[in-house]
Structures are given as C-alpha cells and as structure tokens.
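Residue-level listing of the chains:
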Amino acid sequence: MQLKVSDHIETKVSNGELTGDEAGRFSAFVDTCNQELMTHPVITDNKFCKWFASGAADKEIVKHFIVQFSVFSNLFLMAQLSKVINAGSLEGMRASKEILANELGVIFHKPGSSAKKVDDTDREGDPAIVSTEGSVDGGTFRFQAAHFEWLLKMGAILGLGFNDMGKRRNGTPSTLFFCDQLLDIYGNEDPNIAEGASFAVENWAAAGFWKQLVAGLEAFKQVEEPKLPLAFFTWHDRIEDQHAGHVMDELEELYFTEDFDEEKFLEGGRKMLDGVQAFWNGLNEHRIAAAYQA
Ligand SMILES: [Fe+2]
C-alpha cells in the first residue's frame with residue numbers, strides 16, 4: 001500500500017495557494033512516509049489476519065481473539081480521551097470527541113437524512129443498522145450502541161461473561177503493551193507525535209484487516225456458531241472504507257500547519273506501528289502454540 005499525492009496539489013500551485021517549492025517538499029515527505037511507515041510489516045504482512053481470513057480459527061482461538069480485542073477496544077477509550085484533552089485545536093478536539101462519544105454509545109446523526117425508525121427498541125444501537133456517517137452532535141445516546149456492548153453480545157454467544165472481557169487483567173502482555181503504547185503515543189501531549197500515531201493507526205486500519213477478520217468470522221459462524229453477530233466487525237469495516245479516502249487530505253492539511261515537525265511525526269508513526277504489531281504478533285503466537293498443543 002503506497003500513498004499518492006492527490007492531483008489537487010497541482011491545482012493549488014497553479015492558483016497560487018501553494019508555491020512549487022512547498023508542493024515539492026510535501027511530495028518528498030509523502031515519499032518518506034511511504035518508505036518509513038507504509039512498508040511496516042503490520043501494514044504489508046499481518047500474519048495473524050492473513051491466517052484468520054482463511055477460516056481456520058476454531059472456537060478457542062476465536063474466544064481468545066475476542067477477549068484480546070475487547071481489552072484493546074475498552075482501553076482504547078483512555079487513549080482517545082487523552083487525545084481529546086491534548087488536542088492542539090478546538091477542531092481537533094471535536095474530531096477526537098466524535099470518535100470517543102461514538103465508541104461510548106452516541107449514534108452518528110446525519111443532518112438531512114431522517115434517522116431510520118426502529119420499531120423494536122432492542123435493535124436501537126444495533127451495529128447492523130446504525131449509521132457509519134454523520135456526527136455525534138445531535139446524535140442519540142444508547143447504552144447498547146457502545147462498541148464494547150456490541151462485543152459483549154458476541155462474547156455471550158461464545159460463553160464469555162462481562163468480567164471475562166475488556167479489563168486489563170484479561171489482556172496478554174502483548175495486548176497490554178499495545179494498549180499502553182496507544183495511551184502514550186496516540187494520546188501524546190505533543191500533537192506531532194500524536195498525529196504520527198493517528199496516521200499510522202488509520203493506515204493500519206485501511207490496509208484491510210477488518211475485511212480479513214470478517215471473512216474468518218463468517219467462516220467460523222457458518223460451521224460453529226450460526227447465531228454469532230458479526231456486525232461489530234462489519235460496521236468497523238464500513239467506516240474504515242470511508243476514512244481511507246481522507247488520509248491524504250488530512251496529512252496535507254497537517255503538513256502545512258505552522259508547528260509541523262516531520263521527525264516527530266515519523267517517530268510517533270513508527271512507534272505506534274510497532275505497538276500494533278505487538279498486538280497481532282501476540283495473537284499469532286497464541287494460535288501457533290494452540291496448534292502444537294492440540
Ligand atoms: Fe469502535
């Protein structure tokens with residue numbers, strides 16, 4: 001996966017918004033990001049996800065995976081709150097609140113589109129029907145729209161209880177390393193480091209791991225758990241498809257802000273990708289060890 005400078009940079013040069021020199025520097029920086037970040041193995045070769053997509057995971061592996069994912073999903077709230085607090089602008093703070101409030105259960109609201117009426121209140125907040133577009137501003141809060149509650153429902157089908165999921169004590173050392181790196185780097189006080197981490201996380205997500213997880217879970221569901229709800233994963237896959245298109249625009253905007261620091265941005269990105277890699281390596285080592293025990 002390689003990033004490309006979009007064509008509108010040329011338009012910006014021709015209408016005088018950017019000088020040719022500025023456009024050239026940005027383009028060189030995108031090349032550096034391609035060399036230093038986009039080649040990271042967690043983006044180009046995620047071994048666990050590749051294996052998982054083949055549908056080879058049995059119930060024990062899926063359970064372990066869901067528990068570790070729930071720890072990441074829950075502890076991510078702390079990193080996201082730190083990102084809200086450390087935002088460098090009101091706009092940045094609001095963008096971070098969109099993610100935090102949505103994670104906690106505020107359903108995205110799209111002005112103009114009449115929200116889908118749900119007759120069955122049990123289904124309000126169900127990821128199979130809630131929007132992936134719009135803003136939490138004006139959105140409705142539902143406990144059951146919390147992403148963690150979506151995972152709890154999956155866990156319940158697999159025999160996992162409330163206290164089996166989402167807590168630090170449920171995490172393996174590699175999952176906890178990842179969560180701690182998120183808090184430290186993604187939620188960093190220095191916006192350059194935090195933005196580098198955000199950029200890394202977005203590109204990791206855009207590399208297609210949600211699709212691989214969905215494919216593996218669908219195969220597992222068919223054979224082992226026909227009642228397993230997969231909408232937590234399909235919802236995130238849908239939202240990532242939308243985000244992927246914005247990554248370049250965001251990078252461009254950031255690059256031309258006054259305090260942008262290339263080195264710190266790349267450092268945040270690199271460290272964050274190493275953290276993400278630790279999480280998937282932990283899952284991969286677990287499934288290999290389980291295969292030998294069987
Ligand atoms: Fe989420």
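Our subject is the structure that appears above.
Residues numbered from 1 in each chain as written. Predicted model: local features only at pLDDT ≥ 70, side-chain atom pairs only at ≥ 80, totals over all residues. Heavy atoms only, no water.

Q: Looking at this model, I keep getting lost on a nonpolar patch on the surface. Mind explaining?
A: Nonpolar side chains collect at one region of the surface, where Leu104, Phe141 and Phe143 lie side by side and expose about 330 Å² of accessible area between them. Tracing the backbone shows Leu104 in helix 6 (residues 90-104). In this structure Leu104 comes out as partly exposed when scored by relative accessible area, which is 44%. (Patch = residues over 30% accessible without salt bridge, like charges linked within 9 Å, V, L, I, M, F, W, Y side chains within 5 Å. Areas by Shrake-Rupley, 256 points an atom, 1.4 Å probe, with all protein chains shown as cover. Salt bridge = Lys/Arg side-chain N within 4 Å of Asp/Glu carboxyl O. Helix = DSSP H or I, 4+ residues; strand = E, 2+ residues; numbered from the N terminus. Buried < 20%, exposed > 50% of the residue type's maximum accessible area, 1.4 Å probe, protein only.)

Q: Hey, could you run me through the packing of helix 2 (residues 20-36) against helix 11 (residues 247-255) in this one?
A: Each packed pair of helices is defined by two parameters, the angle between the axes and the distance between the axes. Between helix 2 and helix 11, the least distance of the axes is 11 Å, while the angle of their chain directions is 125°. For the element pair helix 2 / helix 11, the angle class is oblique. Note that helix 2 runs across helix 11; the crossing there is right-handed. Here helix 2 contributes Arg25, Phe26, Phe29, Val30 and Cys33 to the contact with helix 11, which in turn contributes Met248, Leu251, Glu252 and Tyr255. (Axes fitted to C-alpha atoms, helices over the stretch in contact; angles between N-to-C directions. Parallel < 35°, antiparallel > 145°, perpendicular 65-115°, else oblique. Left-handed = near helix turned anticlockwise from the far one by under 90°. Contact = heavy atoms within 4.5 Å.)

Q: Explain the packing of helix 8 (residues 173-186) against helix 9 (residues 191-223) to me, please; I cannot follow it from the model alone.
A: With their axes 8 Å apart at the nearest point, helix 8 and helix 9 run at an angle of 135° to one another. Between helix 8 and helix 9, the angle is such that the two are oblique. On helix 9, the residues touching Phe178, Leu182, Ile185 and Tyr186 of helix 8 are Ile193, Ala194, Ala197, Ser198, Val201 and Trp204. Grouping the constituent residues of the contact of helix 8 with helix 9 by class yields nine nonpolar, one polar and no charged. (Nonpolar A, V, L, I, M, F, W, Y, C, P; charged D, E, K, R; others polar.)

Q: What exactly am I supposed to notice about the coordination of the iron ion here?
A: The textbook angles at a metal center are 109.5 degrees for a tetrahedron of four donors and 90 or 180 degrees for an octahedron of six. Coordination of the iron ion by the protein is provided by Glu103 (OE), His147 (ND1) and His236 (NE2), with metal-donor distances spanning 2.1 to 2.2 Å. As a motif over one chain, the donors of the iron ion read E-x43-H-x88-H. Placement of the pair is His147 in helix 7 (residues 147-157) and His236 in helix 10 (residues 231-244), with a sequence separation of 89 residues. In this structure, His147 and His236 share a single accessibility class: buried. (Donors = N, O, S within 2.8 Å, 3.2 Å for Na, K, Ca; no water.)

Q: Help me understand the side chain of Ser135, please; the structure alone is not making it clear to me.
A: With respect to the helices, strands and loops of the structure, Ser135 is situated in the loop between helix 6 and helix 7. Judged by relative accessible area, Ser135 falls into the buried class, the value being 18%. Polar contacts involving the side chain of Ser135 include one to the side chain of Glu98, which spans 2.7 Å. In this structure the side chain of Ser135 is engaged in a polar contact, spanning 2.9 Å, whose partner is the backbone nitrogen of Asp137. Those residues within four positions of Ser135 in sequence are excluded, and the remaining contacts are Glu98, Ile107, Phe108 and His109. (Polar contact = N/O pair within 3.5 Å; in protein donor to acceptor, adjacent residues only side chain to side chain.)

Q: What am I meant to see in the nonpolar core here?
A: Among soluble globular proteins, nonpolar side chains are generally buried collectively. If you look at the biggest cluster of nonpolar residues, it comprises 82 residues, and the most contacted ones within it are Phe65, Phe69, Trp204, Phe233, Met272 and Trp280. Looking at this core, the element that brings in the most residues is helix 9, giving 13 residues. (Core = buried A, V, L, I, M, F, W, Y, C linked by side-chain atoms within 4.5 Å.)

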